Amino acid sequence: MKRWRRWLLGLLLMAVLPALAGGREPCGSARIFPAAAVNLLVLPYRSSGPELHRASTSTGERLAALIQQEALFSMLKYQSVGATQLYSTPGDRCNVNDIIASVMRGRDAMRPGHGLVLIWGRIYEDGKDIFLQSYLRFLRPGAAATIAVPAVADKDGAPALAFEAAMPAYGVALAPRRLSSQDFAEIEARAARTLVLRPTPDDDAPSRPYASRPDEALSYWVIEQRGDWMKIASQNSGQSGWVRARMDDSAWSLRRLMPELAYLDAVIAYLRLHSDTDAAGARRYLNWMQQGYTQYEKAVGADAAREAQALMLALQGELSWQGMDGGAWNDQAGNAAKLFARARRLIPESAAARNLAAVTEPLLQSEGRLTDTAMADINKGLLGAIALDGSNKLALRNLQKLYLYAQTQQRPGIYDKVQLKERLSLLKHALATDEAN
Amino acid sequence: MNYLIVPLRNANNRGSTRAPSMHRFNYPDGDVRAGDHVALISNLDLHAFIAAAIGARAYERDEFARAHEFLCKASARLGVIKARLASAPASRAQSGVIEELRAYTVELAGAARQRIGSAADSPAAASVRLQDPANPCADARGQP
């Protein structure tokens, strides 16, 4: 089918159905499904290491195809999702930044507030072993990159200042894994066995394979849905049939061997949650988010999952933070502050995590008031963040706001007037020179 | 798994510090499974020792702002390792050795802060000058 006809069909289907689709494109002309609330782009796993041990290109491409297949079926529960497998062409290194830039422009660009998640990785073969490491990055174009943390004056509760903080990261390097080539072949065989089309939504109905080759990516539209059964139409062959979207993970062997896919599912749940304001839906997404992370941690161990866990806690905190009532501290803000503090304890070496906790945890104790104790604790926490990253602009600016407030309110609780003046001069130097660079 | 922090071992050999430079771990250890070399890549222990090595080396090269940053990062991570080791009776003694190393990284970060002195000729140096020389990593020093 010609590409324009495929997209026209897609647009027609999008008009009447929730967006559910899969596709395959070269990295150089990467596209997403603009109507989908969340899009996943699966990049080829690139081989690395000495020439002798380099994985063949086909291993990386086959792995990407398997990930797309598994992720898409896992994502069906979220509705309004699209997954595209990207493949490299000669001379195209599939650069992540270039791909993100390309899907942000043009008529079919990402829509504000919709979510995009990319997964890619490195792969290395040594004898019968395949070593791989996956990376995730996610974003929501048009969404605020930081959260504002309001603080009020201690005496009269009047608005005093607003700190700023960002999540520790919007990407994570997941724990490296080792697969055997036998495992890999088994995964492919199982994927082919489970990816079958049936004429009716019935497990006992006769089946035929959807894909003719194991490395064939799923390119289809969902044209009808009944419960967890989806009727799909292939964009490649035009054939259609019913397939059951798997709601339980036990059937998916790739996820057992690649638990990072469970983490990917958790990130997709987070992105989907942002575009669904229905409370019941939000609870379901949050539940899936927690399930996905728990599966990942169970598989790789707490130490290897530290950064991933900290990010998940911070994201949950961000979701809770959005429940602040008119900027006033409430239970949800308190819950968020506790989650941010837990994230900081997991990754004490992260300046961003420290900044986030430094401007929220002390205010949790004081219910948003800039008491002397809160100011001292915020100062200590922000200095901790700056000790780890002297160029962290958010931490530097937050410290500047704190000192300016102390200076103008004549609150020399943390430093005297002379010290404050000197420290503000240092901050100006650090920020001004940094911003000039 | 044995970790040797080479810049610290060199400093041991020169007699400039007695901070422990060799560390031995019997994995799996608490949260650290590290059943093979691949799993070691994302190991907190490895990252802490690398940060300590970079910090110590930067200090030797008079790159004090960089030294301060990495030594504080090492200190923050070593605090987590120390707590992990202290939580199990079998590794409680080893937690003391890690604490020695952590205290040394903070001490060296303080020395880096002092060496920057009053010259804030770069944004990084200005940031370091915000720190208290007696507590150079603020609450990132790695103590619970």
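Basis of the calculations
- Residues numbered from 1 in each chain as written.
- Chains lettered and ligands numbered in written order.
- Predicted model: local features only at pLDDT ≥ 70, side-chain atom pairs only at ≥ 80, totals over all residues.
- Heavy atoms only, no water.
- Helix = DSSP H or I, 4+ residues; strand = E, 2+ residues; numbered from the N terminus.
- Buried < 20%, exposed > 50% of the residue type's maximum accessible area, 1.4 Å probe, protein only.
- Phe/Tyr/Trp six-rings, centres within 6.5 Å; stacked < 30°, edge-to-face > 60°.
- Lys NZ or Arg CZ within 6 Å of the ring centre and 35° of its normal.

This next bit is on the environment of Thr294(A). Residue and element names in this part refer to chain A. When you line up the elements, threonine 294 lands in helix α7 (residues 279-300). Judged by relative accessible area, threonine 294 falls into the partly exposed class, the value being 47%. Along the backbone, threonine 294 and tyrosine 263 are 31 residues apart, and their C-alpha atoms lie at a distance of 8.4 Å.

Moving on: the packing of aromatic side chains. By the definition in use, this model includes 17 aromatic pairs over all chains. Judged by centre distance (5.2 Å) and plane angle (85°), the ring pair of Tyr78(A) and Trp288(A) falls under edge-to-face. With a gap of 210 residues between them, Tyr78(A) in the loop between α2 (57-75) and β3 (81-87) and Trp288(A) in helix α7 connect regions that are remote in the sequence. You'll find Tyr78(A) and Trp288(A) in the same group, each marked buried. For the pair Tyr3(B) and Phe25(B), a centre-to-centre distance of 5.7 Å together with 80° between the ring planes defines the contact as edge-to-face. Taken as a pair, Tyr3(B) in strand β1 (residues 2-4) and Phe25(B) in the loop between β2 (22-24) and α2 (37-40) lie far apart in primary sequence, 22 residues in all. Among the aromatic residues, those joined into a cluster by ring pairs are Tyr3(B), Phe25(B), Tyr27(B) and Phe49(B). A cation over a ring is seen here: Lys73(B) above Phe70(B), with NZ or CZ 5.0 Å from the ring centre.

A positive phi is found at Glu367(A), a non-glycine position, where the angle reads about 55°. Structurally, the position occupied by Glu367(A) is in the loop between α11 (361-366) and α12 (372-388). Note on Glu367(A): relative accessible area 64%, which makes it exposed. One non-glycine residue, Asp62(B), adopts positive backbone phi at about 60°. Its place among the elements puts Asp62(B) in the loop between α3 (44-60) and α4 (64-86).

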